[in-house]
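Summary of the model geometry
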Amino acid sequence: VSLWLFGLQSLFWGQAYASDYLGKVSVIHVRDADGLIWVYIEGTRTGERPTCADKEYLVIKNENSPAGQRQLALLMMAQASNKTVFIEGARTCTRWGDGEDINMLSIRK
């Protein structure tokens with residue numbers, strides 16, 4: 001029973017530290033030297049950023065992966081069409097030490 005309760009608590013702890021963003025893409029940066037892509041969102045953030053993410057921007061975790069390339073395409077499309085995006089943070093700062101990785105994103109109406 002105690003393992004089951006610990007697992008259940010872990011699930012809720014993880015949700016408590018999730019950060020979600022809802023808003024418009026204000027700036028997309030792509031750095032030439034290493035391909036780092038980071039984005040600023042104008043809107044609302046709910047939840048808490050991980051302690052490593054002391055900056056407001058979000059980072060594409062792997063810009064060379066097919067998923068990372070699709071994320072960039074969606075961000076650019078949302079910015080060009082002035083659409084709202086929903087971004088779920090990954091609770092990690094893998095790609096850059098002070099920016100939260102993007103776990104999932106979608107374009108809203």
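Residues numbered from 1 in each chain as written. Predicted model: local features only at pLDDT ≥ 70, side-chain atom pairs only at ≥ 80, totals over all residues. Heavy atoms only, no water.

The number of helices and strands found in the protein chain is two helices and five strands. Listing every helix and strand of the protein chain by position from the N terminus yields α-β-β-β-α-β-β. A buried classification covers 33% of the 109 residues belonging to the protein chain. Long-range pairs, those at least 24 residues apart, make up 58% of the contacts in the protein chain with a sequence separation of at least 6. (Helix = DSSP H or I, 4+ residues; strand = E, 2+ residues; numbered from the N terminus. Buried < 20%, exposed > 50% of the residue type's maximum accessible area, 1.4 Å probe, protein only. Contact = heavy atoms within 4.5 Å.)

This next bit is on the nonpolar core. Where a protein is soluble and globular, its nonpolar side chains tend to be buried together. Val25, Val39, Ile41, Leu58, Leu75, Ile87 and Ile102 are the most contacted members of the largest nonpolar core, which has 14 residues in total. Elements supplying a minimum of two residues to this core: strand S1 (19-30), strand S2 (37-47), helix H2 (66-81), strand S4 (84-89) and strand S5 (100-107). Not counting chain neighbours up to four residues away, the residues in contact with Ile102 comprise Val39, Leu58, Val59, Ile60, Gln71, Leu75, Ile87, Glu88 and Ala90. (Core = buried A, V, L, I, M, F, W, Y, C linked by side-chain atoms within 4.5 Å.)

What follows concerns the packing of aromatic side chains. When we look at a pair of aromatic rings, we describe it by the centre distance and by the angle of the planes. Applying the stated criterion to the full structure yields two aromatic pairs. Judged by centre distance (6.4 Å) and plane angle (55°), the rings of Trp38 and Tyr57 are tilted. Taken together, the residues Trp38 in strand S2 and Tyr57 in the loop between S2 and strand S3 (58-59) connect sequence positions 19 residues apart. Residue class for Trp38 comes out buried when judged on its relative accessible area of 18%. For the ring pair Tyr40 and Tyr57, a centre distance of 5.7 Å and an interplane angle of 80° mean the geometry is edge-to-face. (Phe/Tyr/Trp six-rings, centres within 6.5 Å; stacked < 30°, edge-to-face > 60°.)

Worth remembering: the numbers are spatial, not functional.
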